[in-house]
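Listed here are the chains, written in short residue letters.
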Amino acid sequence: MAAHGAAGPATGRAHGARHTAAEFTAVYGTAPAGTWAAPGRVNLIGEFTDYNDGFVMPLALPHTTIAAAAPRPDGVLRLHSGGAGGGIVELRTDAPSRAAGSWAAYPAGVLWALREAGLPVGGADLHYDSTVPTGAGLSSSAALEVATALALNDLYGLGLAPQELARIAQRAENAFVGVPCGIMDQTAAACCTAGHALFLDTRDLNYRHVPFDLAGEGLRLLVVDTRVRHELADGAYAERRAGCELGARALGVRTLRDVPYAQLPVALDRLGHDPGVRSLVRHIVTENHRVEQVVARLDAGDIRGIGPLLTAGHASLRDDFVVSCAELDLAVDTANAAGALGARMTGGGFGGSAVVLVEESAARPVAEAVTAAFAAAGHTAPRIFPAVPSAGARRLADEPTGTAART
Ligand code: ADP
Ligand code: MG
C-alpha cells in the first residue's frame, strides 16, 4: 500500500494529499501551496519515562493527520479541521491566544511557539484531515502539532530539523495548550521511519532507528483501542509527574533517569517512608531498564523475546504507576490468555489503547477473544487494527487532480 493511497488505514474513507487539497479548496476557495502529513504513534515500551529524561521506543502508525496549507501576507491565521466540527477559526498571528480552549489551540500554539523562538513566521490558511483517532492514546495531538510545524517550516523557509520541530510542538502543547506532556509523541511524529521503532533518549534527543520487521518475522503488533477516552489535561498526569520530581529530589538526582537499575533497592530503601513516591520511582527505573532490554532483543533479531517485557511493563503501569483501567487490563489479560506473546497498555493510560504482540496466525483468534471479553463485560466494542511501523512527518508529493489515487 502506498503511504497515502485512496483510503485511510482502517477507516475505508478517502484520505491523502489530493483529497485534503480538494477539501482545502472547498473551505477557502483557493488551492493550497502544499500538503504535509504527520503520523499517530504507539509506544512499544518506555511509558512515562519521557518526562524523567529516560528512554522510550515509539513507532509511527500509517494513520496520519494531513495539513493542506497556504501562506497569507496579512498576519491572519485561519484554521479548519474536518474532524473538529464547527467552522473556520480565525485569529491574528500576533495575538493567537483567542484559540485557547478549543482544538485550534494546538496549531495556534505551534505558531505561537515558532514566533516565541524568534522565527519569521507569518499568517497562513490551514485545513486538516486526519485518520488518527483522537483521545485514543495514539497521539493525535502531536500529529496535529507536527503537521502544522512542518507546514509552517516549509511555507516560511525556517529550515528547522525534525527534532527542532518536535521541541516547538512540545512547547506548544506544554505552554500554550497547557498539557504537561513529555517529548516522546512529538519526536515520534517528526522522526520515525518505516519498518523501525525509534529508540529515543529523551535527555538529549539522540535517537536510533531499530529494525522492527514484524511482517518479515511472521508477527503482528495489534492495537486495541478500548474506546475509553482519557483526559490527559486533568490532574492525574500532572500528579504523577510531580511525584516523579519529588522522588528525584528526595534521592538527590536531577531526574529519575539518573537512578541506575542496579541501585534501585538502595533507592527504594531511602524512600521507604513514602509508598506513593516509592512505587512511581520503581516504575520509572524498571521501565528504563525494560526499554534497554527490548532494544537488546531487537538488535539480536529476537522480536518474540520482547513479549514478556511488554507484559511486565503493563504490570508495572497497573500496580506501581496506577494508570491502567479495567478495559486495558481486560485487553491485556485476555490477549495473553488467548496466546499472545505479550501485551501492555500504551500512551497516557486511564483508557486509550493497548498493544499486543502476536504470531500472525494468532492475530485473529486473539482479536476475537478480546472482542468477546469486552462484550461479556458490557464494555463498548474495541477497535483492533495492526500497527504497521510507518514513516514520520513529511511533505506529500502533489498529486495532480483527476488521476486515480493509488492504493
Ligand atoms: P491523543 O493525543 O492521545 O489523541 P489528546 O487529548 O492529547 O489525545 O489530544 C486530542 C485532542 O487533539 C482532541 O480533543 C482535539 O482537540 C485535538 N485534535 C487532534 N487531532 C485533531 C484534528 N485532526 N482536528 C482537530 N482537532 C484535533
Ligand atoms: Mg496527545
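Residues numbered from 1 in each chain as written. Chains lettered and ligands numbered in written order. Predicted model: local features only at pLDDT ≥ 70, side-chain atom pairs only at ≥ 80, totals over all residues. Heavy atoms only, no water.

- By the naming in an unreviewed UniProt entry, the protein goes by Galactokinase and is assigned to Streptomyces albospinus.
- Per UniProt, the protein has the following entry under Pathway (unreviewed entry): "Carbohydrate metabolism; galactose metabolism." (UniProt positions renumbered as here; feature names shortened; annotations may be inferred.)

## Regarding the packing of aromatic side chains
Line of reasoning, step 1. In total, this model carries eight aromatic pairs according to the counting rule given.
Line of reasoning, step 2. With a centroid separation of 4.7 Å and 35 degrees between ring planes, the pair formed by Phe 48 and Phe 321 is classed as tilted. Note that Phe 48 is positioned in the loop between strand 1 (34-43) and strand 2 (55-56) and Phe 321 in helix 9 (residues 307-321), a separation of 273 residues in sequence.
Line of reasoning, step 3. On the numbers, 5.6 Å between centres and 40 degrees between planes, the contact of Trp 112 with Phe 176 is tilted. In this pair, Trp 112 sits in helix 2 (residues 105-116) while Phe 176 sits in helix 4 (residues 162-177), placing the two residues 64 residues apart along the sequence. Of the two residues, Trp 112 and Phe 176, neither departs from the other in class, the shared state being buried.
Line of reasoning, step 4. Through successive ring pairs, a cluster of aromatic residues spans Phe 48, Tyr 51, Tyr 237 and Phe 321. (Phe/Tyr/Trp six-rings, centres within 6.5 Å; stacked < 30°, edge-to-face > 60°. Helix = DSSP H or I, 4+ residues; strand = E, 2+ residues; numbered from the N terminus. Buried < 20%, exposed > 50% of the residue type's maximum accessible area, 1.4 Å probe, protein only.)

## Brief notes about the packing of helix 9 against helix 10 (residues 326-337)
Line of reasoning, step 1. Two elements in contact, helix 9 and helix 10, have axes separated by 11 Å at closest approach and are oriented at 155 degrees. In terms of orientation, helix 9 lies roughly antiparallel with respect to helix 10. Between helix 9 and helix 10 lies a crossing of left-handed hand. Here helix 9 contributes Thr 311, His 314 and Arg 318 to the contact with helix 10, which in turn contributes Leu 328, Asp 329, Val 332, Asp 333 and Asn 336.
Line of reasoning, step 2. Partitioned by chemical class, the residues of the contact of helix 9 with helix 10 number two nonpolar, three polar and three charged. (Axes fitted to C-alpha atoms, helices over the stretch in contact; angles between N-to-C directions. Parallel < 35°, antiparallel > 145°, perpendicular 65-115°, else oblique. Left-handed = near helix turned anticlockwise from the far one by under 90°. Contact = heavy atoms within 4.5 Å. Nonpolar A, V, L, I, M, F, W, Y, C, P; charged D, E, K, R; others polar.)

## Regarding the sheet that holds strand 8 (residues 207-211)
Line of reasoning, step 1. Taken in spatial order, the three strands of this open sheet run 2-7-8, and their pairing is antiparallel. The strands lining the two open edges of the sheet, one partner per strand, are strand 2 and strand 8.
Line of reasoning, step 2. With respect to the sheet, helix 5 (residues 184-191) is in contact with strand 2, strand 7 (196-201) and strand 8, its orientation differing from that of strand 7 by roughly 135 degrees. (Pairing = 2+ DSSP bridges.)

## Points about helix 5
Given 3.6 residues to a turn, an α-helix orients residues that are three or four positions apart in the same direction.
Line of reasoning, step 1. For helix 5, a buried count of eight out of eight residues is recorded, marking the element as mostly surrounded by other parts of the structure.
Line of reasoning, step 2. Taken together, the buried positions of helix 5 are Met 184, Asp 185, Gln 186, Thr 187, Ala 188, Ala 189, Ala 190 and Cys 191.

## Quick notes on the site of ligand 1
Line of reasoning, step 1. Not every one of the 15 residues close to ligand 1 is listed here, only the nearest: Ser 81, Gly 135, Ser 139, Ser 140 and Ser 141.
Line of reasoning, step 2. Notes on ligand 1: free accessible area 560 Å², of which the protein chains cover 82%.
Line of reasoning, step 3. The dominant element in the shell around ligand 1, judged by the number of residues it contributes, is helix 3 (residues 140-155), at three residues.
Line of reasoning, step 4. Residue composition of the shell around ligand 1, by class: six nonpolar, nine polar and no charged. (Near = heavy atom within 4 Å. Areas by Shrake-Rupley, 256 points an atom, 1.4 Å probe, with all protein chains shown as cover.)

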